[in-house]
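Structure at a glance
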Amino acid sequence: MRKPERRNRRSEKAHLALNLFLESVRKAEGIEALAVTTEDGFLVAGVGETDVEWMGALGASSKRKVFTWEKLTLHVQRVEVNRVPMFVTSVGRPAKTASVKDGFERILAA
């Protein structure tokens with residue numbers, strides 16, 4: 001017997017699927033904005049009502065785990081996705097990086 005689909009919104013395109021996934025994480029965890037970048041600061045995916053591309057670049061280049069940018073508190077965490085170092089930058093509170101890592105690996109494996 002087949003399981004019912006638990007996701008309402010999905011995409012076969014990886015970049016759209018990553019953004020949809022981050023949006024669900026953002027809403028579930030009560031985070032204002034969320035960006036995932038490479039070590040070089042290039043945006044992989046990001047959601048929220050701020051400049052997530054710039055926010056993610058700042059997070060990747062920062063040596064701090066928490067800092068203020070334009071009156072927003074940013075939380076930066078390093079995570080490895082399929083052995084590739086990435087940075088998760090969030091506004092307001094830290095994201096649960098284990099769920100971000102697992103979701104990204106699942107989507108990128110498809």
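Residues numbered from 1 in each chain as written. Predicted model: local features only at pLDDT ≥ 70, side-chain atom pairs only at ≥ 80, totals over all residues. Heavy atoms only, no water.

1. What to know about the sheet that holds strand 1 (residues 33-38)
- Strand order in the open sheet made by the five strands is 2-1-5-4-3, with antiparallel pairing throughout. Two strands in the sheet have a free side with no partner beyond their single neighbour: strand 2 (43-48) and strand 3 (66-69). Across the sheet, the axes of successive neighbouring strands diverge by a mean angle of 25°, strand direction being ignored.
- Relative to the sheet, helix 1 (residues 14-29) contacts strand 1 and strand 2, its axis offset from that of strand 2 by approximately 40°.
- In the packing of helix 2 (residues 52-61) onto the sheet, contacts are made with strand 1, strand 2, strand 3, strand 4 (72-81) and strand 5 (84-91), and the angle to strand 1 comes to roughly 55°. (Pairing = 2+ DSSP bridges. Helix = DSSP H or I, 4+ residues; strand = E, 2+ residues; numbered from the N terminus. Axes fitted to C-alpha atoms, helices over the stretch in contact; angles between N-to-C directions. Contact = heavy atoms within 4.5 Å.)

2. Description of the nonpolar core
- One finds Phe21, Leu22, Leu34, Val36, Val88, Val100 and Phe104 to be the most contacted residues of the largest nonpolar core, which totals 18 residues.
- Where this core is concerned, the elements lending two or more residues are helix 1, strand 1, strand 2, strand 4, strand 5 and helix 3 (97-109).
- Here this core takes five residues from helix 1, the largest share from any one element.
- Within the second largest apolar cluster, 11 residues are counted, among which are Ala33, Ala35, Val52 and Ala60. (Core = buried A, V, L, I, M, F, W, Y, C linked by side-chain atoms within 4.5 Å. Buried < 20%, exposed > 50% of the residue type's maximum accessible area, 1.4 Å probe, protein only.)

3. A word on helix 1
- With 16 residues, helix 1 extends 22 Å between its outermost C-alpha atoms, agreeing within 8% with the 22 Å of an ideal straight helix rising 1.5 Å per residue.
- Turning to helix 1, its buried residues are Ala17, Leu18, Phe21, Leu22, Glu23, Val25, Arg26 and Glu29.
- Those residues of helix 1 that are buried are in contact with strand 1, strand 2 and helix 3. (Expected span 1.5 Å × (residues − 1).)

4. Comments concerning the side chain of Glu29
- Here Glu29 shows up in helix 1.
- Comment: no salt bridge for buried Glu29; closest opposite-charge side chain is Lys96, at 5.2 Å.
- Setting aside chain neighbours within four positions, we find Glu29 in contact with Arg93, Pro94, Ala95, Lys96 and Ser99. (Lys, Arg positive; Asp, Glu negative; His and termini not counted. Salt bridge = Lys/Arg side-chain N within 4 Å of Asp/Glu carboxyl O.)

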